[in-house]
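A structural walkthrough
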Amino acid sequence: MVRRRRMVRNYDPERPMLPELLERILNNAIRAPSAGFSQGWGFLVLDRRADVDRFWAAASPEDGVKHGWLAGMRRAPVIVVPHANKTAYLDRYAESDKGWTDRDEARWPVPYWDIDTGFAALLMLLTAVDSDLAACFFGIMPERIEPYRREFGVPPEFHPIGAITIGYPADDVRSPSLRRGRRGLSEVVHRGAWRRSPG
Ligand SMILES: Cc1cc2nc3c(=O)[nH]c(=O)nc-3n(C[C@H](O)[C@H](O)[C@H](O)COP(=O)(O)O)c2cc1C
């Protein structure tokens, strides 16, 4: 499943997604790990054509139309937008077993709210592959966040970390980024230490 997963940017418009497959994907998303079991995420699910079209109207990057990479993406029958809720984490960690009652964000080594929502997103990507579907995680540009929020009434504490198209794959053009090649273990893994200490 891990080897088969890749971001797919073109979908078969003739093949709608079975509702039970979408439910399977969502049920797996909430199995993701989360700091303090905060589960501070929220998922906007768009599975009606009119809603998917409203998403693209609100959230498309300007240059997406220019470069055409969105043409195939727009054919996806389903979009899931995973949101992170920082407030849920600050609240959870202010509880007595954690004790961070000052709610100071400097305590957080990295934004766990984004990390956990990303874990949930990856589970959705993998579940799509396991269901013979295809998916693509992509960013919503900063200037499109407010129009997106307004269109779908997203509460202020929820921040979209990106969006995921899901559907049956159609012929796809591979991303030019892949020409970079996959960095190998010898480049990215440091065994025992990052650098050998001198001597
Ligand atoms: C955080 C994140 C943001 C991404 N944003 C975009 C995007 O905006 N548009 C897009 O086409 N692909 C996007 N991708 C997909 C990457 O280009 C893709 O994962 C990478 O080229 C490797 O290809 P693969 O996932 O098919 O193995 C994104 C991936 C991640 C993890």
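What comes next concerns the included structure. All figures in this text were calculated on a predicted structure; none of them were measured in a lab. Here, residues in each chain are numbered from 1, in the same order as that chain's written sequence. Two thresholds apply to this predicted model, a pLDDT of at least 70 for residue-level local features and 80 or more for giving and counting side-chain atom pairs, whereas whole-chain, interface and lining totals are computed over all residues. For side-chain calculations, the full set of non-hydrogen atoms in the structure is used, while hydrogens and water are omitted.

Turning our attention to the overall build of the chain. Regarding its fold elements, the chain presents eight helices and five strands. Projected onto its principal axes, the C-alpha coordinates of the chain cover approximately 55 × 50 × 35 Å. Only protein chains enter the area calculation, which uses a 1.4 Å probe; residues under 20% of their type maximum are buried, those over 50% are exposed, and those in between are partly exposed. Per-residue burial over the chain gives 40% buried out of 199 residues. Only heavy atoms enter the contact rule, under which two residues are in contact if any of them lie within 4.5 Å. Within the chain, counting contacts between residues at least 6 apart in sequence, those at least 24 apart form 81% of the total. Only the protein chains shown count as cover for residues, and all accessible areas are computed by the Shrake-Rupley method using a 1.4 Å probe. Carbon and sulfur atoms provide 52% of the accessible area of the chain, an area that totals close to 12,100 Å². Charged residues are defined narrowly, with Lys and Arg counted positive, Asp and Glu counted negative, and His plus the chain ends left uncounted. Taken as the charge location is NZ of Lys, CZ of Arg, CG of Asp or CD of Glu. Across the chain, the 30 positively charged side chains and the 26 negatively charged ones have centroids separated by 8 Å. The helix count covers DSSP runs of H or I at least four residues long, the strand count covers runs of E at least two residues long, and both are numbered beginning at the N terminus.

Moving on to the nonpolar core. The term nonpolar core refers to a set of buried residues drawn from Ala, Val, Leu, Ile, Met, Phe, Trp, Tyr and Cys, joined through side-chain atoms within 4.5 Å. Grouped together as the largest cluster of nonpolar side chains are 22 residues, with contacts concentrated most on Phe55, Trp56 and Ile79. At the level of secondary structure, the elements contributing two or more residues to this core comprise helix 2 (49–59), helix 4 (70–73), strand 2 (78–84), strand 3 (134–138) and helix 7 (142–152). Here this core takes four residues from helix 2, the largest share from any one element. Setting aside residues up to four positions removed in sequence, isoleucine 79 forms contacts with Leu44, Val45, Leu46, Val52, Phe55, Trp56, Ala163, Ile164 and Thr165. Within the second largest apolar cluster, 20 residues are counted, among which are Met17, Met124, Ala135 and Ile166.

Put simply, a patch holds well-exposed residues, over 30% relative accessible area, that have no salt bridge, with like charges counted together within 9 Å and Val, Leu, Ile, Met, Phe, Trp or Tyr side chains within 5 Å. The term salt bridge refers to a pairing of a side-chain nitrogen on Lys or Arg with a carboxyl oxygen on Asp or Glu at a separation within 4 Å. A contiguous nonpolar patch, built from Val110, Ile115 and Phe119 and spanning about 220 Å² of accessible area, is present on the exposed surface. Mapped onto the secondary structure, isoleucine 115 falls in helix 6 (residues 112–130). Isoleucine 115 sits in the partly exposed class, given a relative accessible area of 33%.

A separate point is the site of the ligand. We call a residue near a molecule or strand as soon as one heavy atom of that residue lies within 4 Å of the molecule or strand. Within the structure, the ligand sits among Arg5, Arg6, Met7, Arg9, Trp69, Phe137, Phe138, Gly139, Ser177 and Leu178. Polar contact is defined as a pair of N or O atoms within 3.5 Å, subject to the rule that within protein one atom must be able to donate a hydrogen and the other to accept it, and that residues adjacent in sequence are counted only when both atoms are side-chain atoms. One nitrogen or oxygen atom from the side chain of arginine 5 is found 3.0 Å from an oxygen atom belonging to the ligand. Between the ligand and the protein, one listed contact pairs an oxygen atom with a backbone N or O atom of glycine 139 at 3.0 Å. For the ligand, the protein covers 61% of the area, taking 620 Å² as the surface of the free molecule. Per-class residue counts for the shell around the ligand are five nonpolar, two polar and three charged. Classes in brief: Ala, Val, Leu, Ile, Met, Phe, Trp, Tyr, Cys and Pro nonpolar; Asp, Glu, Lys and Arg charged; the others, Gly included, polar.

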